[in-house]
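# Analysis of the macromolecular model
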Amino acid sequence: MRLMSGRVAGKVALITGAARGQGRADALRLAEEGADVIVVDVCAPLPSVPYDSATPEDLAETVSLAEKTGRRVISGIVDVRDLGRLRGIVDDAVQQLGRLDIIVANAGICVPKPWDQVTPQIYEDTISTNITGTWNTVMAGAPHLVEAGGGSVILISSAAGLKVQPFMVPYTTSKFAVRGMAKAFAAELGQHNIRVNSVHPTGVNTPMGSGTMQAEIGAAIAGYDRLGPMFMNMLPVDGTEPEDVADTVLFLASDESKFITAHEIAPDAGVTEF
Ligand SMILES: NC(=O)c1ccc[n+]([C@@H]2O[C@H](COP(=O)([O-])OP(=O)(O)OC[C@H]3O[C@@H](n4cnc5c(N)ncnc54)[C@H](O)[C@@H]3O)[C@@H](O)[C@H]2O)c1
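The residue numbers shown here count from 1 along each chain, following its written sequence. Owing to the predicted nature of the model, reporting of local features is limited to residues with pLDDT of at least 70; listing and counting of side-chain atom pairs is limited to 80 or more, with chain, interface and lining totals taken over all residues. Values reported for side chains reflect all heavy atoms of the structure, with hydrogen atoms and water molecules removed beforehand.

## Quick notes on the overall build of the protein chain
Test applied: Segments assigned H or I by DSSP are reported as helices when at least four residues long, segments assigned E as strands when at least two residues long, and all are numbered from the N terminus. By definition, residues are in contact when any of their heavy atoms lie within 4.5 Å. Throughout, the Shrake-Rupley method with a 1.4 Å probe supplies accessible areas, and for residues the shown protein chains are the sole cover considered.
Helix and strand content of the protein chain: seven helices and seven strands. Secondary structure of the protein chain in N-to-C order comes out as β-α-β-α-β-α-β-α-β-α-β-α-α-β. With the C-alpha coordinates aligned to their principal axes, the bounding extent of the protein chain is approximately 55 × 35 × 35 Å. Of the contacts formed within the protein chain by residues at least 6 apart in sequence, a portion of 79% connects residues at least 24 apart. For the protein chain, the exposed surface amounts to about 11,800 Å²; the carbon and sulfur share of it is 55%.

Shown next as structure tokens:
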């Protein structure tokens, strides 16, 4: 456990997709630095994806780890595509915790396939989760940031939202959209002292890489290996850890980034310039 220095002390954060992976790391990092957290996740099988799905036990584990920091934690099981239910959970939690200052729209899915193997279902699931789910998250949370007099909204995009990553047409489309969405919200929410930025990680070691995920990407590259180097990092690492992305999220959540808005921040090991 890192030493607590209170970089977001007294703030309240909403994190989606927080049962595991990056969402869990974000929640723990923010709680370690003094924020109360609202953690939500669908915790259910996601039919299109080739990797294992999160469970209610995963979300309970996030809650238990976050509570060890001494901060208050409220959890909810919800599909971010369901705006009504998401709003209900967020409104209830904010009433209990008193305010909301930070939104981390992190829930997302990735289904790699060569372009001609993408089904309408895969396309629809990716677009609705990654784009509509992100929009829903801001719509559910932002009114509370306006009420608080300001805050920070962090939209988790991907390196695939800055530079094309091959064999992921729906995913790349969705993550470019998230990047644009951050700038569009930043323009209108700036008057309320609310900053909005997007985060663009390279490959991160999370359960998204489990199941047959790596084999699917490998098979797609084998079909046209000229594109394989597009996944290569400039730094000598093959992947990063959820905690590495959480460091970026914490920076954007804290006042250390108080004049950074409408920008892309990329913990991407240089992949997008390679
Ligand atoms: N892992 C990577 O290599 C990588 C790289 C760049 C960006 N990202 C992005 O980072 C974010 C987090 O991914 P991760 O690597 O932690 O993956 P992950 O699969 O481990 O975690 C994602 C979480 O989101 C939840 N989720 C998915 N759909 C949901 C929905 N409709 N409603 C509510 N929750 C839902 C899942 O249940 C899961 O717990 C995603 O937006 C992903 O696209 C991942």
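## Some points on the pattern of salt bridges
Note the threshold: One speaks of a salt bridge when a side-chain nitrogen belonging to Lys or Arg is within 4 Å of a carboxyl oxygen belonging to Asp or Glu. Only protein chains enter the accessibility calculation, which uses a 1.4 Å probe; a residue is then buried when its area is under 20% of its type maximum, exposed when over 50%, and partly exposed in between.
Per the counting criterion, the structure on display carries 13 salt bridges. Residue Arg 7 is joined to Glu 256 by a salt bridge in which the shortest nitrogen-to-oxygen separation is 2.8 Å. One end of the pair, Arg 7, is in the segment before strand 1 (12-16); the other, Glu 256, is in the loop between helix 7 (242-253) and strand 7 (264-265), with 249 residues separating them in the sequence. Judged by relative accessible area, Arg 7 falls into the partly exposed class, the value being 29%. Judged by its relative accessible area of 46%, Glu 256 falls in the partly exposed class. One network of salt bridges, in which partners are shared, links Arg 29, Glu 32, Glu 33 and Asp 247.

## Points about the site of the ligand
Condition: Any residue with a non-hydrogen atom lying within 4 Å of a molecule or strand is treated as near it. Under the rule applied, a polar contact is a pair of N or O atoms within 3.5 Å (in protein, one hydrogen donor and one hydrogen acceptor; residues adjacent in sequence only if both atoms are side-chain atoms). Each residue is assigned to one of three groups, with Ala, Val, Leu, Ile, Met, Phe, Trp, Tyr, Cys and Pro labelled nonpolar, Asp, Glu, Lys and Arg labelled charged, and all others, Gly among them, labelled polar.
In the vicinity of the ligand there are 31 residues, among which Arg 20, Asp 41, Asp 79, Tyr 171 and Thr 206 approach most closely. Val 80 places a polar main-chain atom, nitrogen or oxygen, 2.9 Å from a nitrogen atom of the ligand. In isolation the ligand offers 820 Å² of accessible surface; the protein chains occlude 97% of this area. Across the shell around the ligand, the residue classes break down as 15 nonpolar, eleven polar and five charged.

## Quick notes on the sheet that holds strand 6 (residues 194-199)
Our working definition: Should DSSP find at least two bridges between two strands, the strands are regarded as paired.
If you trace the seven strands from one edge of the open sheet to the other, you get 3-2-1-4-5-6-7, paired in parallel fashion. Looking at strand neighbours, the two that pair on one side only are strand 3 (73-77) and strand 7, the edges of this open sheet. Relative to strand 4 (residues 102-105), strand 1 runs parallel, the two being bridged by three bridges. Bridging across to strand 4, Ile 15 finds its partner in Val 104.

## Digging into unusual backbone geometry
With the exception of glycine, the majority of residues adopt a negative phi angle, and the majority of peptide bonds are in the trans configuration. Phi is positive for Cys 43, close to 50 degrees, though the residue is something other than glycine. Relative to the elements of secondary structure, Cys 43 occurs in the loop between strand 2 (36-41) and helix 2 (56-67). Even without being a glycine, Ala 262 presents a positive backbone phi close to 65 degrees. You can see Ala 262 is positioned in the loop between helix 7 and strand 7. For Ala 262, a relative accessible area of 26% gives the class partly exposed.

## Concerning the state of the cysteines
To keep things clear, this is the line we draw: When the sulfur atoms of two cysteines come within 2.5 Å, that pair is taken as a disulfide.
Across all of its chains, the model carries zero disulfides by this definition. Cys 43 takes part in no disulfide bond, and the closest cysteine sulfur to it belongs to Cys 110, at a distance of 20 Å. Residue class for Cys 43 comes out buried when judged on its relative accessible area of 8%. Residue class for Cys 110 comes out buried when judged on its relative accessible area of 3%.

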